[in-house]
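# Observations on the model geometry
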Amino acid sequence: MADKYDLSKFRLERILNKNSKTKTICVLGTFPSELAADTRYPAIVVLEKTAFTDYNVNTATNDDRDDDDDGNQCKSYFSHETKLKEEFLNDIYGNFLCFPKPDINSVKLNIISPCTEKHIQKYSSQEIFIVLETPYLYKTVTESRLQLESEQFTLDWVYNILEHKKEADRIIVEDPCKTLGFILLPDFKWDGKTLETFYAIAIVHQLNLKSLRSLTAEHLPLLRNIQTKSVTAIKTKYGLDSSQLRIYIHYQPSFYHLHVHFTYLKYEAPGIHCERSHMLSTVINNIELVSDYYQRATIPFTIKSSDPHYLKYFPPDADDNAEPIAKKQKIGE
Ligand code: M7G
C-alpha cells in the first residue's frame with residue numbers, strides 16, 4: 001500500500017466531510033495511475049488522528065530508559081524527544097503545543113481508489129432522514145434496488161477475505177463451516193493495535209444472507225456460533241471481556257453480505273447509534289420470540305437527501321393514518 005500510493009502525488013478536488021470531535025477529515029481527489037502517466041483515478045482519503053494509549057503517558061521507566069520487548073517505553077510523550085512550544089504562561093496555568101516524535105504521532109489513513117459515485121455519497125456530509133421501512137417498503141423499494149448492481153458497493157473485498165486471498169494474516173478466528181461458519185478479523189477502520197478503538201467484524205461464510213431482513217429462526221445457530229466463538233477469540237487475543245464489547249448488526253448495511261460488528265464498549269465507533277445498529281443479543285432474542293420477526297418488523301434506517309431513491313421512501317401521497325402495513329403483511333406475502 002505504501003508503495004502503491006505516493007501521497008505527494010494526490011491532487012485534492014474537495015473536502016467531503018470533517019469532524020473536529022472525531023478528529024477526522026475525508027477528502028476527494030485523484031491519484032495517478034501506475035500504468036499510464038496521463039490517467040488519474042478518483043480516490044477518497046480518510047485521515048484520522050489516532051487515539052492516545054496508556055503507553056503514550058508512561059513515565060515508569062523515565063529514569064531508566066530501557067524499552068520493554070515491544071519498545072513501548074519509546075511510545076511515551078513524556079520523553080526527551082518531545083519538543084514543547086510555549087504559547088503562554090499565566091500564574092499556575094500553562095498552554096503549550098507539543099511535538100512528539102513522528103512514530104508516536106501517526107495519523108490513520110484509509111484510501112478507497114478508484115472510488116465510485118456511491119462511495120462519494122457515503123462519505124459526504126449531507127442532511128439525513130429516518131425512513132421507517134415497513135415490510136411493504138422493503139419488498140417494493142429496497143429489494144428491487146438491491147437487485148440493481150449499480151446500486152451496490154462491490155463485495156469483492158468480502159469474497160477475497162472468505163477465500164483467504166486478502167487479509168488472511170489478520171484473521172482472529174475462523175469457523176470454516178459453510179452454514180454456521182464465519183471469519184472474524186480487524187475492521188478496515190481499526191489500526192489493529194489500539195485497544196481503546198477495538199473494532200472487528202465477523203463475515204459469514206453463507207453467501208445468500210444479505211442483511212438483518214434475511215434472518216429467521218433457521219439462522220439462530222449461526223448467530224449464536226458467531227457470538228460464542230468470537231467473544232472467546234477476542235478474550236484470548238486481546239483480553240477484552242464479552243461484557244466490554246458492543247456486538248451489533250447495521251441496518252441498512254453498506255455491504256449486503258451479512259456481517260457482525262464488534263467494538264470496544266467505551267469506543268464511540270461510527271454507526272453505533274440506535275437508528276442504525278441492532279445488538280446481536282437483541283436480534284437473537286427477537287427471533288427466539290418470533291421466528292419471522294425481521295420479515296414482519298418495521299425497521300428504521302437513515303437516508304441522505306441526495307440518494308436517488310430518497311423520494312420512493314417518502315411518497316408525496318403517503319397516508320400517515322393508514323393501518324401499519326407490518327401488521328397486515330409480511331415480506332413474501
Ligand atoms: P456496513 O455495516 O456494511 O457499513 O459495515 P459501514 O461501512 O457503513 O459501517 C461494513 C464494515 O466492513 C465496516 O465497518 C467497514 O469498515 C468494514 N470494511 C469495509 N471494507 C471495504 C473492508 C475491507 O476491505 N477489509 C476489512 N477488514 N473491513 C472492511
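I will try to describe carefully the structure that is included in this document. Because the structure is predicted, anything quoted here is derived from the model rather than measured. (Residues numbered from 1 in each chain as written. Predicted model: local features only at pLDDT ≥ 70, side-chain atom pairs only at ≥ 80, totals over all residues. Heavy atoms only, no water.)

## A few points about the sheet that holds strand E2 (residues 24-32)
We count it as follows: Note: two strands are recorded as paired if DSSP finds a minimum of 2 bridges between them. The secondary structure listing takes helices from DSSP runs of H or I that are at least 4 residues long and strands from runs of E that are at least 2 residues long, numbered from the N terminus. Angular values range over 0 to 180 degrees, each being the angle between N-to-C directions of two axes fitted as lines to C-alpha atoms, with helices fitted over their stretch in contact.
In space, the four strands of this open sheet follow the order E1-E2-E3-E6, with antiparallel pairing throughout. Two strands bound the open sheet, and with one partner strand each, they are strand E1 (11-19) and strand E6 (107-112). Pairs of neighbouring strands in the sheet enclose a mean axial angle of 25°, with direction left out of account.

## Topic: the nonpolar core
Put simply, the test is: We call a set of buried Ala, Val, Leu, Ile, Met, Phe, Trp, Tyr and Cys residues a nonpolar core when their side-chain atoms join them within 4.5 Å. Think of it in three bands: with a 1.4 Å probe and only protein chains considered, a residue is buried below 20% of the maximum accessible area for its type, exposed above 50%, and partly exposed in between. By definition, residues are in contact when any of their heavy atoms lie within 4.5 Å.
Leu184, Phe198 and Phe262 are the most contacted members of the largest nonpolar core, which has 62 residues in total. Looking at this core element by element, the count peaks at eight residues for helix H4 (residues 220-238). Among residues more than four places away in sequence, those in contact with Phe198 are Trp190, Ile234, Tyr238, Leu240, Leu245, Phe262, Thr263, Tyr264 and Tyr267. Judged by nonpolar contacts, the second largest core, of eight residues, contains Leu16, Cys26, Val46 and Ile112.

## Looking at the sheet that holds strand E10 (residues 199-204)
Overall, antiparallel pairing links the six strands, which are arranged E8-E9-E10-E12-E11-E13 in an open sheet. At either margin of the open sheet sits one strand with a lone partner, and together these are strand E8 (173-175) and strand E13 (277-279). Each strand axis lies, on average, 25° off the axis of its neighbour in the sheet, ignoring direction. Examined bridge by bridge, strand E9 (residues 182-186) and E10 share five bridges and lie antiparallel to one another. Along E10, the bridge assignment pairs Pro186 with Ala200. Along the sheet, H4 makes contact with E8, E9, E10, strand E11 (245-250) and strand E12 (259-264), crossing E9 at roughly 35°. Helix H5 (residues 280-289) contacts E11, E12 and E13 of the sheet and is inclined by roughly 70° relative to E13.

## Notes on the pattern of salt bridges
Put simply, the rule is: Throughout this description, the term salt bridge denotes a Lys or Arg side-chain nitrogen within 4 Å of a carboxyl oxygen of Asp or Glu.
All chains considered together, the criterion is met by 16 salt bridges. The residue Glu268 makes a salt bridge to Lys21 at a minimum N-O spacing of 3.7 Å. Placement of the pair is Glu268 in the loop between E12 and E13 and Lys21 in the loop between E1 and E2, with a sequence separation of 247 residues. With respect to burial, Glu268 and Lys21 carry one shared label: exposed. Two residues, Arg224 and Glu288, come together in a salt bridge whose shortest N-O distance is 2.9 Å.

## Some thoughts on the site of the ligand
Our working definition: Note on definitions. A residue lies near a molecule or strand when any single heavy atom of the residue is within 4 Å of it. Two N or O atoms form a polar contact when they lie within 3.5 Å of each other; inside protein one atom must be a possible hydrogen donor and the other a possible acceptor, and for residues adjacent in sequence the pair counts only when both atoms belong to side chains. Reported accessibility uses the Shrake-Rupley method at a 1.4 Å probe radius. Residues are deemed covered only where the shown protein chains occlude them. Under this grouping Gly is polar, as are all residues other than the nonpolar Ala, Val, Leu, Ile, Met, Phe, Trp, Tyr, Cys and Pro and the charged Asp, Glu, Lys and Arg.
Not every one of the 17 residues close to the ligand is listed here, only the nearest: Lys122, Glu167, Asp187, His250 and Ser254. Measuring from an oxygen atom of the ligand, one finds a side-chain N or O atom of Lys122 at 2.6 Å. At a separation of 3.2 Å, a nitrogen atom of the ligand approaches a polar backbone atom of Phe188. Out of a free accessible area of 580 Å², the ligand has 90% covered by protein chains. Elements represented by at least two residues in the shell around the ligand include exactly E10 and E12. Here the residues of the shell around the ligand are counted per class, giving seven nonpolar, four polar and six charged.

## Things to note about the packing of H4 against H5
We count it as follows: Throughout, the term roughly parallel applies to angles under 35 degrees, roughly antiparallel to angles over 145, roughly perpendicular to angles from 65 to 115, and oblique to all others. If you view the pair so one helix is near and one far, a crossing is left-handed when the near helix is turned anticlockwise from the far one by less than a right angle, and right-handed when it is turned clockwise.
Taken N-terminus to C-terminus, the directions of H4 and H5 make an angle of 155°; their axes are 11 Å apart at the nearest point. Here H5 runs roughly antiparallel to H4, going by the angle between their axes. In the packing of H4 onto H5, the handedness of the crossing is left-handed. Where H4 abuts H5, its residues Leu220, Leu223, Arg224 and Gln227 lie against Leu280, Ser281, Val283, Ile284, Ile287 and Glu288. For the contact of H4 with H5, a count of residues per class yields six nonpolar, two polar and two charged.

## Considerations on helix H2 (residues 135-146)
Just so we agree on the cut-off: By definition, the arc is the one covered by directions from the helix axis to the C-beta atoms.
What H2 keeps buried is the set Pro135, Leu137, Tyr138, Val141, Thr142, Arg145 and Leu146. Projection of H2 onto a plane perpendicular to its axis shows the buried side chains occupying an angular sector of 155°, all on one side.

## Thoughts on unusual backbone geometry
If a residue is not glycine, its phi is most likely negative; likewise, a peptide bond is most likely trans. With omega at -5°, the peptide bond leading from Ser113 into Pro114 counts as cis. With an omega of -10°, the peptide bond between Tyr251 and Gln252 qualifies as cis. Among the structural elements, Gln252 can be located in the loop between E11 and E12. At Lys23, a position not held by glycine, the phi torsion is positive, near 55°. By the secondary structure assignment, Lys23 is in the loop between E1 and E2. Relative accessible area serves as the criterion here: at 49%, Lys23 is assigned to the partly exposed category. One non-glycine residue, His164, lies in positive phi territory at about 60°. In this fold, His164 is placed in the loop between helix H3 (156-162) and E8.

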